[in-house]
Every structure is written in C-alpha cells, then in structure tokens.
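What follows is the residue order along each chain.
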Amino acid sequence: MNQELQNELKGKLEEIKKSLENELSAFATKGKDGNDWETRFPHEENCDDIECETDEVEEYENLLPVEHALELRLKDVNSALERISNNSYGVCENCHNEIEKERLEILPETRTCNNCKI
Ligand SMILES: [Zn+2]
C-alpha cells in the first residue's frame, strides 16, 4: 500500500476513534485498562418512585447493546491503528491478499477483503 493512502486512512481511523469515544463517553465510563467501557446506570437525583426507577432500568437496558456495538467498532479501529504502526495494515486476515482500496476507504478498520468479508 502506498504511504499516501495509508496516511489518509490513518487520519480517517483517528477521526472515527475520536467520535466513537465521544459517543461512548456520553453514557459510559472507560475502564481502568483503557479498553473496556461500562455503561453508566442513569440515575436522576429526584428519581424516588417505582415508575421512575423502572424507566431508568429500561433506559439502561436499551443502552447496553448500543455500548457493546460502539465498543466493538472502537476495538476494530484501535487494532487497525496498531496494524498501521507495525506495517501489517491493509492485508486480508483470511487470504493475505491486499484489501481493495475502495473497501478500505469505506471501512478503514476492516480486516478482510471483498472476497472474504463476513
Ligand atoms: Zn481475503
């Protein structure tokens, strides 16, 4: 892969990372190891009846899958950035061919080429 394209994709990955972290930090807390995020239980100061508490539990349960999906994407983005720094970026994990440029531009964190995509 040429250096120019790699730099461009690295910039994209860093932007995605920033926006994922922003989204996550709105309702989740970053764990001590710096990788895992935990959804915060929403708790309103003035929430003291059962109806309001039920709403909070529901809100929390709705957030969990959102948090999970964002966290998974963030992990993929981080590992793509790692692959850039050890020069193994842009190679399909499955067939070891170079991943198509068009595919990387749409999904810079991808691990597989168009033939092997899951
Ligand atoms: Zn492949």
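This report concerns the structure included in the present document. Predicted model only: the values in this text are computed from it and were never measured.

1. Remarks on the packing of helix α1 (residues 3-25) against helix α2 (residues 50-85)
As a packed pair, α1 and α2 sit with axes 9 Å apart at the nearest point and diverge in direction by 150°. Here α2 runs roughly antiparallel to α1, going by the angle between their axes. For the pair α1 and α2, the sense of crossing is left-handed. Each of Q6, K10, L13, E14, I16, K17, L20, E21, E23 and L24 in α1 lies in contact with α2, whose residues at this interface are E67, L70, E71, R73, L74, V77, N78, A80, L81 and I84.

2. So, unusual backbone geometry
Phi is mostly negative for residues that are not glycine, and the peptide bonds are mostly trans. For N87, which is not glycine, the phi torsion reads 60° and is therefore positive. Secondary-structure assignment places N87 in the loop between α2 and α3 (101-106). A relative accessible area of 67% places N87 in the exposed class.

3. A few points about a negative patch on the surface
A contiguous patch of negative charge, built from E44, E45, D48, D49, E51, E53, D55, E58, E59 and E61, is present on the exposed surface. Along the chain, the position of E53 falls in helix α2. For E53, a relative accessible area of 36% puts it in the partly exposed group.

4. Examining the pattern of salt bridges
Going through the model one piece at a time under the given rule, you end up with 7 salt bridges. The closest approach of N and O atoms between R111 and D76, which form a salt bridge, is 3.5 Å. With a gap of 35 residues between them, R111 in the segment after α3 and D76 in helix α2 connect regions that are remote in the sequence. The salt bridge partner of E93 is R111, with a shortest N-O separation of 2.8 Å. Of the two residues, E93 is situated in the loop between α2 and α3 and R111 in the segment after α3; the sequence distance between them amounts to 18 residues. Its relative accessible area of 47% is what places E93 among the partly exposed residues. On the accessibility criterion, R111 (30% relative accessible area) is partly exposed. If you follow the salt bridges from partner to partner, you end up with D36, E71 and K75 in one network.

5. Notes on the coordination of the zinc ion
Protein coordination at the zinc ion comes from C92 (SG), C95 (SG), C113 (SG) and C116 (SG), with a distance range of 2.3 Å. Classification of the site at the zinc ion as tetrahedral follows from its 4 donor atoms and the range of 103 to 116° in their angles at the metal. Within one chain, the residues donating to the zinc ion are spaced in sequence as C-x2-C-x17-C-x2-C.

6. A look at the packing of aromatic side chains
Applying the stated criterion to the full structure yields 1 aromatic pair. Both rings, one in F41 and one in Y60, keep their centres 5.1 Å apart while their planes meet at 50°; by these two values the pair is tilted. Residue F41 is found in the loop between β2 (37-39) and α2, and its partner Y60 is found in helix α2; the two are separated by 19 residues along the sequence. By relative accessible area, which is 42% here, F41 ends up partly exposed.

What counts and how
- Residues numbered from 1 in each chain as written.
- Predicted model: local features only at pLDDT ≥ 70, side-chain atom pairs only at ≥ 80, totals over all residues.
- Heavy atoms only, no water.
- Axes fitted to C-alpha atoms, helices over the stretch in contact; angles between N-to-C directions.
- Helix = DSSP H or I, 4+ residues; strand = E, 2+ residues; numbered from the N terminus.
- Parallel < 35°, antiparallel > 145°, perpendicular 65-115°, else oblique.
- Left-handed = near helix turned anticlockwise from the far one by under 90°.
- Contact = heavy atoms within 4.5 Å.
- Buried < 20%, exposed > 50% of the residue type's maximum accessible area, 1.4 Å probe, protein only.
- Patch = residues over 30% accessible without salt bridge, like charges linked within 9 Å, V, L, I, M, F, W, Y side chains within 5 Å.
- Areas by Shrake-Rupley, 256 points an atom, 1.4 Å probe, with all protein chains shown as cover.
- Salt bridge = Lys/Arg side-chain N within 4 Å of Asp/Glu carboxyl O.
- Lys, Arg positive; Asp, Glu negative; His and termini not counted.
- Charge placed at Lys NZ, Arg CZ, Asp CG, Glu CD.
- Donors = N, O, S within 2.8 Å, 3.2 Å for Na, K, Ca; no water.
- Tetrahedral: all angles 85-135°; square planar, octahedral: opposite > 155°, others 65-115°.
- Phe/Tyr/Trp six-rings, centres within 6.5 Å; stacked < 30°, edge-to-face > 60°.

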